[in-house]
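Fold and contact review
The primary structure of each chain is shown beneath.
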Amino acid sequence: MAEQLHRGPLISAGLLIGAGLGGFVDGIVLHQILQWHNMLSAKMPPDNLVAAKVNMYWDGMFHAAVWVMTAIGLTVLWRVGHRRDVPWSGRTFFGALLLGWGLFNVIEGIIDHNLLGLHHVYEYTDNKLPWDLAFLALGVLQLVAGWAFVRAGRSDTAVRGEYSRGNTQ
Amino acid sequence: MKALAIGFLTALFLLIGPTAMACRVCRPRVQAAIHTPEYSANLLTLLLPVGALLLLAAGVFYAPLIKARFLSSTSHG
């Protein structure tokens, strides 16, 4: 009797790595390079050295948390690679990465931007809502694209060992 | 290799030591502004999205087990 295939573990690894990398994009691009916001910039605007350094500390805690999430995702991916019941599908994994990034943007956007008001996407304007909504819309687009890739990956059934042998023949 | 390890550890020691403080004057004020009574609340709110994502990923990973347990408990109940 053929073993039942499980796609959940590969999707789970992709979700964690995608969300972690999405967190790094947020932190590196929006916090550090563009400097549109910091972790607590709505509560404590970085308009003096002390406030800027306090925000830097909380940015660091955020980066540490998404680093842990990425590391857990890599561990899950490594273990999934040894399982004979998990199809090794690039489309499933890429879709899960996009889903993870989109979920990060939507969850972080709703919690931090809209509900708690810790910071907003672009702090240096009077009307912050359009920027926050655009961030959420990007997250929704990523979710739709990710879901489409995961659906397309349903037809992939080769597990990792079979995939490697297929490539070497 | 040994020299490299010693060099790395020395650099690390210098970084975490008091000489690595970027601003000796403002450092106490920064520390005081970080470690306020709101520290735990700030940390929890900051970690909330990450915790939600970890729970979601765990749910996807263990979905077959959760489903099986749920189905067996409803069929027995």
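Note that the coordinates shown come from a computational prediction; the quantities given were computed from them, not determined experimentally.

**Here we look at the packing of helix α3 (residues 90-115) of chain A against helix α4 (residues 129-152) of chain A**
All names here are of chain A.
- Relative orientation of the contacting elements α3 and α4 amounts to 155 degrees, with a least axis distance of 7 Å. Here α3 is positioned roughly antiparallel relative to α4, judged by the angle of their axes. As α3 packs across α4, the resulting crossing turns out to be left-handed.

**A closer look at helix α3 (residues 39-61) of chain B**
- An ideal rise of 1.5 Å per residue puts 33 Å on 23 residues; α3 of chain B measures up with 32 Å between its terminal C-alpha atoms.
- Residue Leu48 of chain B marks the point of greatest curvature in α3 of chain B, where the axis turns by about 40 degrees; the proline Pro49 of chain B follows within four residues.
- Inspection of α3 of chain B places Tyr39, Asn42, Thr45, Leu46, Pro49, Val50, Leu53 and Ala57 of chain B among the buried residues, and these make up the whole buried set.
- Elements that come into contact with the buried residues of α3 of chain B comprise α1 (8-33), α2 (49-80) and α3 of chain A together with α2 (27-34) of chain B.

**Some details on unusual backbone geometry**
- Positive phi, close to 55 degrees, is recorded for Gln35 of chain A, a residue that is not glycine.
- Relative to the assigned elements, Gln35 of chain A resides in the loop between α1 and α2.

**A short note on the side chain of Thr70 of chain A**
All names here are of chain A.
- Tracing the chain through its elements places Thr70 in helix α2.
- Thr70 gets classed as buried once you look at its relative accessible area, which sits at 11%.
- Other than its neighbours up to four places away in sequence, Thr70 contacts Leu16, Ile17, Gly20, Leu21 and Phe24.

**Details of the pattern of salt bridges**
Residues and elements named next belong to chain A.
- Applying the stated criterion across every chain yields a total of three salt bridges over all chains.
- Note that Arg83 and Asp85 form a salt bridge whose closest N and O atoms lie 2.9 Å from each other.
- Residue Arg83 is classed as partly exposed on the basis of its relative accessible area, which comes to 29%.
- Across the pair Asp156 and Arg91 runs a salt bridge whose closest N-O atoms are separated by 2.8 Å.

**Quick look at the UniProt feature "transmembrane region" (unreviewed entry) in chain B**
- Following the UniProt record, the feature "transmembrane region" (unreviewed entry) maps to residues 46-65 of chain B here.
- Its end C-alpha atoms 30 Å apart, residues 46-65 of chain B is made of 95% helix and 0% strand.

**Regarding the interface of chain A and chain B**
- Residue-level contacts link 34 residues of chain A with 26 residues of chain B.
- For the pair chain A and chain B, the summed buried surface comes to about 2500 Å²; carbon and sulfur atoms form 84% of the total.
- It is Val50, Lys53 and Trp58 of chain A that lose the most area in chain A upon contact with chain B, and together they represent 22% of the buried surface on that side.
- Between Glu38 of chain B and Lys43 of chain A there is a salt bridge, with the nearest N and O atoms lying 3.3 Å from each other.

**Examining the environment of Gly139 of chain A**
All names here are of chain A.
- Position of Gly139 among the secondary structure elements: in helix α4.
- Judged by relative accessible area, which is 0%, Gly139 ranks as buried.
- When the C-alpha positions of Gly139 and His37 are compared, they lie 18 Å apart, and in sequence the two are 102 residues distant.

**So, the packing of α3 of chain A against α3 of chain B**
- Taken N-terminus to C-terminus, the directions of α3 of chain A and α3 of chain B make an angle of 145 degrees; their axes are 10 Å apart at the nearest point. In the packing of α3 of chain A onto α3 of chain B, the handedness of the crossing is right-handed. For the pair α3 of chain A and α3 of chain B, the contacting residues are Leu103, Phe104, Ile107, Glu108, Ile111 and Asp112 of chain A in the first and Thr45, Leu48, Pro49, Ala52, Leu53 and Leu56 of chain B in the second.

**Some remarks on the UniProt feature "transmembrane region" (unreviewed entry) in chain A**
All names here are of chain A.
- The positions UniProt marks with the feature "transmembrane region" (unreviewed entry) are residues 12-34, 61-80, 92-111 and 131-150.
- Secondary structure over residues 12-34 splits into 96% helix and 0% strand, and the C-alpha atoms at its two ends are 31 Å apart.
- As annotated, residues 61-80 comprises 100% helix and 0% strand, and the C-alpha atoms at either end are separated by 29 Å.

**Some points on the nonpolar core**
- Core analysis: the biggest nonpolar cluster contains 37 residues, and Trp58 and Met69 of chain A together with Leu53 of chain B have the highest contact counts within it.
- For this core, the secondary-structure elements that each account for two or more residues are α1, α2 and α3 of chain A together with α2 and α3 of chain B.
- For this core, the leading source of residues is α2 of chain A, giving 10 residues.
- Excluding residues that lie within four positions of it along the chain, Trp58 of chain A makes contacts with Met39 and Leu40 of chain A together with Ile34, Tyr39, Asn42, Leu43 and Leu46 of chain B.

Criteria and thresholds
Residues numbered from 1 in each chain as written. Chains lettered and ligands numbered in written order. Predicted model: local features only at pLDDT ≥ 70, side-chain atom pairs only at ≥ 80, totals over all residues. Heavy atoms only, no water. Axes fitted to C-alpha atoms, helices over the stretch in contact; angles between N-to-C directions. Helix = DSSP H or I, 4+ residues; strand = E, 2+ residues; numbered from the N terminus. Parallel < 35°, antiparallel > 145°, perpendicular 65-115°, else oblique. Left-handed = near helix turned anticlockwise from the far one by under 90°. Expected span 1.5 Å × (residues − 1). Bend = angle between axes of the 7 residues up to and from the residue. Buried < 20%, exposed > 50% of the residue type's maximum accessible area, 1.4 Å probe, protein only. Contact = heavy atoms within 4.5 Å. Salt bridge = Lys/Arg side-chain N within 4 Å of Asp/Glu carboxyl O. UniProt positions renumbered as here; feature names shortened; annotations may be inferred. Buried area = accessible area lost by both parts, 1.4 Å probe. Core = buried A, V, L, I, M, F, W, Y, C linked by side-chain atoms within 4.5 Å.

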